[in-house]
Amino acid sequence: MKKNIASARINIESSHLLKVLNDSLPFDKELFKEDIKGSIAHARMLSNKEIISNDDFALIESGLNELLSDIESGKIELNEGDEDIHMAIERLLTAKIGDAAKRVHTARSRNDQVATDFRLYVQNNTIELANLLIRVIKSFINIAKDNTDTLLPGMTHLQHAQPINFGYHMLAYAVMFKRDYERFISSYDRNNISPLGCAALAGTPHPIDREQTAKELGFKEPSINCLDTVSDRDFALEILFNISTMMMHISRLSEELILWSTSEFKFVTLSDKHATGSSIMPQKKNPDIPELLRGKTGRAYGNLISLLTVMKGLPLAYNKDTQEDKEGVFDSVHTAKISLMVLIEMIDEMKVNKENMKKACKVGHLSATDLADYLVKNRDMPFRDAYHLVGNIVNEAEKLNKDISELSYQELKSIDNTFAQDVIEVLNITNSMNARVSKGGTSTKSTKEQIDILNSWLEKIVK
Ligand code: ARG
């Protein structure tokens, strides 16, 4: 009978069904690099502390490095058979270097080992996602720079509200993605502590040095309490939440791009590279990329809810339920990366149909609020009275089948003969957009200030 190296007291071969349910190698093989790195750091510390010999460490280190390149090059494939990535690496190392390999697991358990590997994976991918977000933010700033005076109807309730510029609208997304970046970085900082050396749950009687392994693996310091550390998956929940929020932002943008690509809007034209046709309707060009991004947001949420649910009833410390933490995180990380990469390409190559945006500003009486503001400022009218007067003017304009910005001075005077000539300027759509000079507002001037703020933030973080 083949003896399972991770079961000392079980003397019969595992049920095939147990293996199907229990084995995590088919998915946790994604952690092979982290597992090998962690084992090298652990073994180096064991030899420094004279818990294993220098000779054994030398064999372990070179054996593990060889394994790393064999797996990376495909010379060794991690197939089923082993229970998980940790047992697979230990078995392969033992086959390579013999007895020295059996000493690596001194003062360690798979509980701190998997917590270390998985945390390293999450930390590395957090930085990769944050770096991709920087590229996304730059793309939005670039498109904003070219469109600080491109008029666009700003909406509330999906109804025309006030004129804005397209650059300002793009900056709204730049700012959302900046928040996402900051959320990833703060999770990285908070979670940058090492589980290695916590062993099964209670630490170890061996004279280990957790500071040394923490440092070698790029963690700030060892964790405070081993019981918490081996059962903590907050770091995984944080990346799942951060990805979910980021995907929600991508999904909102996607929804707008889908609307803006319709023949009703025609505000943007997505590159043919990012659209597909229909198998029956020869004329079709469908916005599949934003639709997929919007759709994939659902799986990101699902992965978050799934792990929150797995964790909610677990007594301390490790429980096998926790093995369910990985697939969702891998899936969310892969989904987030491809989504960000395609988003950058799509934004960079999207055509902005400025004329159509401008034309759309001629409907919906976008400058109505400006007229009310004018009456408040120039006639000292209480805002509520001005608001009702402008409502009447809007009704009159509708009767004439016109937008209020198209009313002539004569027409305005016939409604209220106290209007002065300058009212025409107030109703002008470009003037309305540019009137909003308050901080964070939509005027071209304020939009440019926002671009400057974002650029100096970028300069500071991309040192
Ligand atoms: N494959 C396991 C996991 O991902 C590793 C830890 C197993 N620990 C144990 N005590 N059975 O959670």
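In the block above lies the structure referred to throughout.
Residues numbered from 1 in each chain as written. Predicted model: local features only at pLDDT ≥ 70, side-chain atom pairs only at ≥ 80, totals over all residues. Heavy atoms only, no water.

Points about the site of the ligand
Here is step 1 of the chain: In the vicinity of the ligand, the residues found are Ser24, Asp28, Asp84, His86, Arg110, Asn111, Val114, Tyr318, Gln323 and Lys326.
Here is step 2 of the chain: At 3.0 Å, a side-chain N or O of Asp84 approaches a nitrogen atom of the ligand.
Here is step 3 of the chain: One of the side-chain N or O atoms of Gln323 is found 2.7 Å from a nitrogen atom in the ligand.
Here is step 4 of the chain: Counting residues per element, the shell around the ligand draws most heavily on helix α6 (residues 110–145), which supplies 3 residues. (Near = heavy atom within 4 Å. Polar contact = N/O pair within 3.5 Å; in protein donor to acceptor, adjacent residues only side chain to side chain. Helix = DSSP H or I, 4+ residues; strand = E, 2+ residues; numbered from the N terminus.)

Focus on the nonpolar core
Here is step 1 of the chain: Ranked by internal contacts, the top residues of the largest apolar core, which has 92 residues, are Ile60, Phe140, Phe166, Phe177, Ile243, Met246 and Val329.
Here is step 2 of the chain: In this structure Ile60 touches Ala43, Ile52, Leu93, Ile97, Ala100 and Val104, once residues within four positions along its chain are discounted.
Here is step 3 of the chain: One finds Tyr374, Val394, Ala397 and Leu427 within the second-largest nonpolar core, a separate group that totals 20 residues. (Core = buried A, V, L, I, M, F, W, Y, C linked by side-chain atoms within 4.5 Å. Buried < 20%, exposed > 50% of the residue type's maximum accessible area, 1.4 Å probe, protein only. Contact = heavy atoms within 4.5 Å.)

Notes on helix α19 (residues 444–461)
Here is step 1 of the chain: For α19, built from 18 residues, the straight-helix expectation of 26 Å at 1.5 Å per residue is met to within 8% by its first-to-last C-alpha distance of 26 Å.
Here is step 2 of the chain: When α19 is considered as a whole, its buried residues turn out to be Thr444, Ser446, Thr447, Gln450, Ile451, Leu454, Trp457 and Leu458. Angular distribution of buried residues about the axis of α19 spans 165°; they occupy a single face of the element. Away from its buried face by more than 90 degrees, α19 exposes Lys445, Asp452, Glu459 and Lys460.
Here is step 3 of the chain: Residues of α19 that are buried make contact with α6, β2 (159–165), α7 (166–190) and α18 (429–435). (Expected span 1.5 Å × (residues − 1). Arc of directions from axis to C-beta.)

Focus: the packing of α6 against α7
Here is step 1 of the chain: The N-to-C vectors of α6 and α7 enclose an angle of 165°; their axes lie 9 Å apart at closest approach. Regarding the angle of α6 to α7, the classification is roughly antiparallel. Both α6 and α7 take part in a crossing whose hand is left-handed.
Here is step 2 of the chain: Here the residues of the contact of α6 with α7 sort into 21 nonpolar, 4 polar and 2 charged. (Axes fitted to C-alpha atoms, helices over the stretch in contact; angles between N-to-C directions. Parallel < 35°, antiparallel > 145°, perpendicular 65-115°, else oblique. Left-handed = near helix turned anticlockwise from the far one by under 90°. Nonpolar A, V, L, I, M, F, W, Y, C, P; charged D, E, K, R; others polar.)

Notes on the pattern of salt bridges
Here is step 1 of the chain: In the structure shown here, the tally under the stated rule is 29 salt bridges.
Here is step 2 of the chain: One salt bridge connects Asp325 with Arg233, and the closest N-O pair in it is separated by 2.6 Å. Separated by 92 residues along the polypeptide, Asp325 in the loop between α11 (288–311) and α12 (326–349) and Arg233 in the loop between α9 (226–231) and α10 (234–260) bring together distant segments of the chain.
Here is step 3 of the chain: Given a relative accessible area of 2%, Asp325 falls into the buried group.
Here is step 4 of the chain: Measuring nitrogen to oxygen at the nearest pair gives 3.0 Å for the salt bridge that ties Arg436 to Asp370. In this pair, Arg436 sits in the loop between α18 and α19 while Asp370 sits in helix α14 (residues 368–379), placing the two residues 66 residues apart along the sequence. (Salt bridge = Lys/Arg side-chain N within 4 Å of Asp/Glu carboxyl O.)

Topic: helix α5 (residues 85–97)
Here is step 1 of the chain: Counted at 1.5 Å a residue, the expected span for α5 with its 13 residues is 18 Å, and the 18 Å between its end C-alpha atoms agrees.
Here is step 2 of the chain: Every buried residue of α5 is listed here: Ile85, His86, Met87, Ala88, Ile89, Leu92, Leu93 and Ile97.
Here is step 3 of the chain: Of the surrounding elements, those touching the buried residues of α5 are α2 (25–28), α3 (32–48), α4 (54–73) and α6.
Here is step 4 of the chain: Of the residues that open α5, the one with a side-chain oxygen 3.2 Å from the backbone nitrogen of His86 is Asp84.
Here is step 5 of the chain: With its phi angle positive at about 80°, Gly98 sits one or two positions after the end of α5.

A few points about the pairing of β2
Here is step 1 of the chain: Two elements, strand β1 (residues 151–156) and β2, share 6 bridges in a ladder whose sense is antiparallel. The partner of Pro153 across the bridge, within β2, is Pro163.
Here is step 2 of the chain: Hairpin connection of β1 to β2: 2 residues between the antiparallel strands, including His157 at a positive phi of 55°. (Pairing = 2+ DSSP bridges.)

A word on unusual backbone geometry
Here is step 1 of the chain: The omega angle of the peptide bond from Leu316 to Ala317 is 5°, so this bond is cis rather than trans.
Here is step 2 of the chain: Turning to its location among the elements, Ala317 is positioned in the loop between α11 and α12.
Here is step 3 of the chain: Of note in the backbone geometry, Ala107 takes a positive phi value of approximately 60° without being a glycine.
Here is step 4 of the chain: Within the secondary structure, Ala107 is located in the loop between α5 and α6.
Here is step 5 of the chain: The phi torsion at His157 lies on the positive side, around 55°, for a residue other than glycine.

Here we look at the side chain of Asp416
Here is step 1 of the chain: With respect to the element layout, Asp416 can be found in the loop between α16 (409–415) and α17 (423–427).
Here is step 2 of the chain: Here the side chain of Asp416 touches Thr418 through a polar contact of 2.5 Å, side chain to side chain.

Examining the packing of aromatic side chains
Here is step 1 of the chain: Summed over the entire model, instances satisfying the criterion amount to 10 aromatic pairs.
Here is step 2 of the chain: Between the aromatic rings of Phe118 and Phe330, the centroid separation amounts to 6.3 Å while the plane-to-plane angle is 90°, which identifies the pairing as edge-to-face. You can see Phe118 sitting in helix α6 and its partner Phe330 sitting in helix α12, a full 212 residues away along the chain. Each of the two residues, Phe118 as well as Phe330, counts as buried.
Here is step 3 of the chain: With 5.6 Å between their ring centres and 35° between their planes, Phe140 and Phe177 make a pair best called tilted. Highlighted residues: Phe140 in helix α6 and Phe177 in helix α7, separated in sequence by 37 residues. Neither Phe140 nor Phe177 differs from the other in exposure class; each is buried. (Phe/Tyr/Trp six-rings, centres within 6.5 Å; stacked < 30°, edge-to-face > 60°.)

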